[in-house]
Amino acid sequence: EVQLVESGGGLVQPGGSLRLSCAASGFTFSSYAMSWVRQAPGKGLEWVSSINSGGGSTRYADSVKGRFTISRDNAKNSVYLQMNNLKPEDTGVYYCAAQNAGSLKYDYWGQGTQVTVSS
């Protein structure tokens, strides 16, 4: 059974930091690019960041560039999102998603973890 389990969300004040984790199982994690996608209250899905299967290439949405860092540990089947200098507009549910090479869509999704940035 394929599983992506996110953790690390919570309530943080503006300017604070959180580190999200996503633990994968049930598929060959090291063969998949991984992404973080978020959904703000009442809005659609927004791509946040991606990392390739080997971890050597990363991309970020302009809205988080310079504040967020994506990383992965293929030995632990995990992907992470370090979020610094958080802003209220970063509030939302954060999902990790897996995409196989050549796939035009995300193949697997986690259940999401809530991040709330508020004073």
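Everything in this summary refers to the structure shown in the same document.

Some thoughts on the overall build of the protein chain
Counting its secondary structure elements, the protein chain contains zero helices and 11 strands. The C-alpha atoms of the protein chain give 13 Å as radius of gyration, which agrees with the globular expectation for 119 residues (14 Å, within 12%). Overall size of the protein chain, expressed as C-alpha extent along the three principal axes, is 40 × 25 × 25 Å. Looking at the protein chain as a whole, 40% of its 119 residues are labelled buried. Looking at the protein chain alone, contacts between residues at least 24 apart form 53% of all its contacts between residues at least 6 apart. Each charge sign in the protein chain was given a centre, from 10 positive and 8 negative side chains, and these centres are 5 Å apart.

Side note on the environment of Ala-75
Turning to its location among the elements, Ala-75 is positioned in the loop between β7 (68-73) and β8 (78-83). Residue class for Ala-75 comes out exposed when judged on its relative accessible area of 76%. Measuring from C-alpha to C-alpha, the distance between Ala-75 and Ser-30 comes to 8.4 Å, with 45 residues separating the pair along the chain.

Focus: the pattern of salt bridges
Under the defined criterion, the tally for this structure stands at five salt bridges. For the salt bridge of Arg-38 with Glu-46, the shortest nitrogen-to-oxygen distance reads 2.7 Å. Residue class for Arg-38 comes out buried when judged on its relative accessible area of 5%. The salt bridge partner of Arg-38 is Asp-90, with a shortest N-O separation of 2.9 Å. Note that Arg-38 is positioned in strand β4 (residues 32-39) and Asp-90 in the loop between β8 and β9 (92-100), a separation of 52 residues in sequence. Summarising the burial analysis for this pair, Arg-38 and Asp-90 share the class buried. Each of Arg-38, Glu-46, Arg-67 and Asp-90 takes part in one network of salt bridges that share partners.

Rules behind the numbers
Residues numbered from 1 in each chain as written. Predicted model: local features only at pLDDT ≥ 70, side-chain atom pairs only at ≥ 80, totals over all residues. Heavy atoms only, no water. Helix = DSSP H or I, 4+ residues; strand = E, 2+ residues; numbered from the N terminus. Rg over C-alpha atoms; globule rule 2.2 N^0.38 Å. Buried < 20%, exposed > 50% of the residue type's maximum accessible area, 1.4 Å probe, protein only. Contact = heavy atoms within 4.5 Å. Lys, Arg positive; Asp, Glu negative; His and termini not counted. Charge placed at Lys NZ, Arg CZ, Asp CG, Glu CD. Salt bridge = Lys/Arg side-chain N within 4 Å of Asp/Glu carboxyl O.

Interpretation note: all reported values are geometric properties and have no functional meaning in isolation.
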